[in-house]
Each structure stands twice: as C-alpha cells, then as structure tokens.
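Structural overview for review
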Amino acid sequence: MHRIPKDVSRCFAVIFSYQLSDNLSGYSDMDIKTLELVQDIDGYLGYEKYGNGKQNTFISYWKNLHSIDTWKDNLTHIKAKKEGPRWYKNYRVQIVEIHEDINHWL
C-alpha cells in the first residue's frame, strides 16, 4: 500500500514494525481513527504499509521532528499507544532521517 509523495528527501520516517496479538478488540476502529486524524497534522506527508496482516511494517513520513512530536502528543494517539501491550505481541519504533530518496515508481 503506497500513499506517500514521490520524493521524501530531506524528511523523516517513523518505522513501526509489529506482530499483532490475538486480542484485537477495538484495534480496527482505532486504526481507522488514527489514520484519519494524522491527516490533519501539519508536516505529515503520508505512509506505506507492508506485511501479511499479522506481521507488518508501517512507515509514516514527516516533514520534520516537530511534526512527529505533535503526533506523539495527540490524545487519541496516546490512547492507542496505551493499548499496545494488548494489541501487539511485539513491536519496534524507529525514527530516521532520510537524506535522499531515489525511486523508480511509475
């Protein structure tokens, strides 16, 4: 799934890799809600997601670190993160700076 601009050079990416648990009560609704809310954050550029439904990697792209911090402070996002231990068997979050974006997407 690709929903990112063609060029994300000189921006930041948040890489969220995770394995879902068997207890997903409320997960789907929160996933939809957070994807809708993040659209309103100034500096949010888009996302892409890879995986098989149980083990996935979700990469969001951001103009700057301030934008990422704004999303971290969003109350709905905070609420979603509190559910993390129930929804995920394991997860990892990495924030990286993208210096160059060479792609061949048509």
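Below, the structure is looked at part by part. (Residues numbered from 1 in each chain as written. Predicted model: local features only at pLDDT ≥ 70, side-chain atom pairs only at ≥ 80, totals over all residues. Heavy atoms only, no water.)

1. Description of the side chain of Glu48
Structurally, Glu48 is set in strand β3 (residues 44–51). Among the polar contacts made by the side chain of Glu48, one reaches the side chain of Tyr50 at a distance of 2.2 Å. A polar side-chain atom of Glu48 sits 2.3 Å from a polar atom in the side chain of Tyr61. (Helix = DSSP H or I, 4+ residues; strand = E, 2+ residues; numbered from the N terminus. Polar contact = N/O pair within 3.5 Å; in protein donor to acceptor, adjacent residues only side chain to side chain.)

2. Considerations on the environment of Gln55
Residue position: Gln55 is located in strand β4 (residues 55–62). A relative accessible area of 46% places Gln55 in the partly exposed class. Considering only alpha carbons, one finds Gln55 and Ser21, 34 residues apart in sequence, at a separation of 9.8 Å. (Buried < 20%, exposed > 50% of the residue type's maximum accessible area, 1.4 Å probe, protein only.)

3. Structural notes on the pattern of salt bridges
Inspection of the entire model under this criterion finds three salt bridges. One salt bridge in this structure joins Asp22 and Lys54, with 3.3 Å as the shortest N-O distance. Here Asp22, found in the loop between β2 (11–20) and α1 (27–38), pairs with Lys54, found in the loop between β3 and β4; they are 32 residues apart in sequence, far enough to count as distant. For Glu83, the salt bridge is made with Arg86, and the minimal N-O distance between the two is 2.6 Å. (Salt bridge = Lys/Arg side-chain N within 4 Å of Asp/Glu carboxyl O.)

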